[in-house]
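What follows is the residue order along each chain.
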Amino acid sequence: MTDASLTELEDLSPLATKVLDALKARKKMVATAESCTGGLIAGALTEIAGSSAVVDRGFVTYSNEAKTEMLGVPANLITKVGAVSKDVAIAMAEGALKRSRADIAVSVTGIAGPGGGSDEKPVGTVHIAVAHKGQPTTHLHCWFADRGRQSIRLETVQTALTAILDALN
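Small disclaimer: the values here were computed from a predicted structure and weren't measured.

**Some words on the sheet that holds strand β3 (residues 104-110)**
Point 1. Spatial ordering of the open sheet is given by β2-β1-β3-β4-β5, a layout of five strands whose pairing is mixed. Because the sheet does not close on itself, it has two edges, and the strands there are β2 (55-60) and β5 (138-143). Sheet twist, expressed as the average angle between the axes of neighbouring strands with direction ignored, equals 15°.
Point 2. Bridging between strand β1 (residues 30-34) and β3 involves five bridges; their strand directions are parallel. Bridge pairing in β3 places Thr32 opposite Val106.
Point 3. With respect to the sheet, helix α6 (residues 86-98) is in contact with β1, β2, β3, β4 (125-132) and β5, its orientation differing from that of β4 by roughly 35°.

The structure is reproduced here in structure tokens:
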């Protein structure tokens, strides 16, 4: 990580602290399943001392094979709808919940760029899902402005942390 990205990750500290406090207050654990953010959500949470009380694990499933092998996302689903999709984000979050001790799991899959986008799924397209034991899995379809890879990834982390908070409240 560069100094700039560490500084920007530290800027997420107040939001990550709110998430950790909410988890602690509810005696719940969280797991992350990350593709386009490559572990930054787990990194933002574990940057804070005491996070081990509520952070169970993080899955970095950048490849389609990793999504299938680590989270149980059906390969035919990825082939049918694409890795960057609502259905895959939901399957990732639900898979992380099943394969962890967590009570809540967040997943992200998207196109951070600079390449890889299409007319249908431009750079900045991100799907976020939150699976919470005993509740329906929620989904967010985001389109972040293409201000560069780092910006899209950090906006995704911020939105995912907020989605966890929303699910806990």
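**What about the nonpolar core?**
Point 1. Counting 38 residues, the largest nonpolar core has Ile41, Leu45, Ile104, Ile128, Leu161 and Ile164 as its most contacted members.
Point 2. For this core, the element with the highest residue contribution is helix α7 (residues 149-168), accounting for ten residues.
Point 3. Not counting residues up to four positions away in its chain, the partners in contact with Leu45 are Ala16, Val19, Leu20, Val30, Ser51, Val55 and Leu161.
Point 4. Membership of the second largest hydrophobic core comes to 20 residues, among which are Ala33, Phe59, Leu71 and Ile78.

**Observations regarding the side chain of Ser35**
Point 1. Examined against the element boundaries, Ser35 turns out to sit in the loop between β1 and α3 (40-46).
Point 2. Judged by relative accessible area, which is 6%, Ser35 ranks as buried.
Point 3. A distance of 3.0 Å separates a polar atom in the side chain of Ser35 from a polar atom in the side chain of Lys67.
Point 4. Ignoring anything within four residues of it in the chain, the contact list for Ser35 reads Thr61, Tyr62, Lys67, Met92, Val108 and Thr109.

**Quick look at the side chain of Thr61**
Point 1. Within the secondary structure layout, Thr61 lies in the loop between β2 and α4 (64-71).
Point 2. Its relative accessible area of 0% is what places Thr61 among the buried residues.
Point 3. Apart from the residues lying within four places of it in its own chain, the contact partners of Thr61 are Glu34, Ser35, Ala66, Lys67, Met70, Leu71 and Met92.

Each value, and the rule that gives it
Residues numbered from 1 in each chain as written. Predicted model: local features only at pLDDT ≥ 70, side-chain atom pairs only at ≥ 80, totals over all residues. Heavy atoms only, no water. Pairing = 2+ DSSP bridges. Helix = DSSP H or I, 4+ residues; strand = E, 2+ residues; numbered from the N terminus. Axes fitted to C-alpha atoms, helices over the stretch in contact; angles between N-to-C directions. Contact = heavy atoms within 4.5 Å. Core = buried A, V, L, I, M, F, W, Y, C linked by side-chain atoms within 4.5 Å. Buried < 20%, exposed > 50% of the residue type's maximum accessible area, 1.4 Å probe, protein only. Polar contact = N/O pair within 3.5 Å; in protein donor to acceptor, adjacent residues only side chain to side chain.

Coordinates in, geometry out; function isn't part of it.
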